[in-house]
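Coordinate inspection notes
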Amino acid sequence: MRQGAHADFFYVRPTDVRADRIFIVDQEWHLLRVLHRARDGQRFLAVDGLGHCFACELLRIEPDRAEAKILQRWERYGEPRVHLTIAASPLRGERFDLLVEKCTELGVSMFIPVRATRTQPWASDRLQRWQRVALAAMKQCGRSVWPEVAQPVSFAEAVDAFPSSVLRLLAHEGEDAAPLASLLKRVERNDVPQVVVVVGPEGGFTSEEVDLARSRGFVPVSLGTRRLRAETAAIVATALVVAACG
Ligand code: SAH
């Protein structure tokens, strides 16, 4: 089970990792037992959401948990070099689910739901749902970091939340926005690049918001001449940033 080899990944809670043993519980135990019909001695990969991946051998399946022995462990398994935050307005229907799923697959480390002027209201139970979407996407694509879905913040809080060491980008389809690719040359030079991309709601940013972001050190960046759906913009920006970081 080398890094990158095709395999199913199971989630293990960090508190269920002990010395050379892990315990798989709840939903993951169910998946292992029922869906994968796992048997004693079977090998599988488990990730703890904090960047660790364990190659394991199943010792026993108990009525409420499975115990496995750790054979090998990796740090930052399947993780990109860049720490990328997407701060975006929640979207109607399932479009934000799509954003979280795809951006997690591509390597985003954190999502911040942002209340901008034109953001539509969203139900409070969504946060947990997005967190679950991120967990499923992490396992699906073989990452070891479970991206955090932060508590929602206002637009003003979002553009104030990052120090100048972070490359701060505002996805903006305005004519005065620089092409994202030109900005990314800076990312390639950095050692541990940290990047945040703020993406607007369906109605876009107000000009006051663009001015505020600029005054806080954000650079408006363009993803091309076409007006993209917000979730498309987030996915494309993520792909470009992660690709630029190798
Ligand atoms: N202002 C728009 C639509 C906004 S699209 C309107 O006229 O209704 C939603 C968000 O996606 C934008 O706020 C921006 O963050 C991002 N976005 C869409 N197309 C983009 C592009 N070509 N370049 C950069 N960002 C884009």
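A few points on the structure.

Description of the pairing of strand β8 (residues 110-115)
Within a regular strand, the side chains alternate between the two sheet faces. Among the six residues of β8, five are classified as buried, and the element is accordingly described as predominantly covered. Inspection of the sheet shows strand β7 (residues 83-88) paired to β8 by four bridges, in the parallel sense. Residue pairing for β8: T85 is matched across the bridge by M110. As for the winding sense of the linkage, the β-α-β connection from β7 through helix α2 (residues 95-106) to β8 is right-handed.

What to know about the environment of L228
Locating L228 in the fold gives a position in the loop between β14 (219-222) and α8 (230-244). Taking the C-alpha atoms as reference points, L228 and E202, 26 residues apart in sequence, are found 9.4 Å from one another.

Overview of the environment of S222
Tracing the chain through its elements places S222 in strand β14. Apart from the residues lying within four places of it in its own chain, the contact partners of S222 are H172, A177, A178, P179 and L180.

So, the sheet that holds strand β4 (residues 43-47)
Read across the open sheet, the six strands follow the order β1-β4-β5-β6-β3-β2; overall the sheet is mixed. Strands at the two margins of the open sheet, each flanked by one partner only, are β1 (9-11) and β2 (17-18). Note that β1 and β4 share three bridges and pair parallel. Each residue of the ladder has a partner; that of Y11, found in β4, is V47. Contacts from helix α1 (residues 26-35) reach β1, β3 (21-25), β4, β5 (52-61) and β6 (65-75) within the one sheet, and its direction differs from that of β3 by about 95 degrees. Of the strands in this sheet, β1 and β4 are in contact with helix α3 (residues 126-141), which crosses β1 at around 145 degrees.

Digging into the pairing of β4
Extensive coverage of β4 is indicated by the burial of four of its five residues. Note: β4 against β5, five bridges, orientation antiparallel. Bridge pairing links R43 to E57 in β5. As consecutive antiparallel partners, β4 and β5 are separated by four residues, and within that stretch G49 has a phi angle of approximately 80 degrees, a positive value.

Observations concerning the site of the ligand
The full set close to the ligand counts 19 residues, and A171, E173, L223, R226 and L228 are the nearest of them. Between the ligand and R226, the relevant distance is 2.7 Å, taken from a nitrogen atom to a main-chain nitrogen or oxygen of the residue. The side chain of R227 places a nitrogen or oxygen atom 3.4 Å from an oxygen atom of the ligand. When the ligand is considered free in solution it has 550 Å² of accessible area, and contact with the protein chains removes 86% of it. Secondary-structure elements contributing two or more residues to the shell around the ligand are β14 and α8. Among the residues forming the shell around the ligand, the class breakdown is nine nonpolar, six polar and four charged.

Definitions and cut-offs
Residues numbered from 1 in each chain as written. Predicted model: local features only at pLDDT ≥ 70, side-chain atom pairs only at ≥ 80, totals over all residues. Heavy atoms only, no water. Buried < 20%, exposed > 50% of the residue type's maximum accessible area, 1.4 Å probe, protein only. Helix = DSSP H or I, 4+ residues; strand = E, 2+ residues; numbered from the N terminus. Pairing = 2+ DSSP bridges. Right-handed = clockwise from strand over helix to strand, strands pointing away. Contact = heavy atoms within 4.5 Å. Axes fitted to C-alpha atoms, helices over the stretch in contact; angles between N-to-C directions. Near = heavy atom within 4 Å. Polar contact = N/O pair within 3.5 Å; in protein donor to acceptor, adjacent residues only side chain to side chain. Areas by Shrake-Rupley, 256 points an atom, 1.4 Å probe, with all protein chains shown as cover. Nonpolar A, V, L, I, M, F, W, Y, C, P; charged D, E, K, R; others polar.

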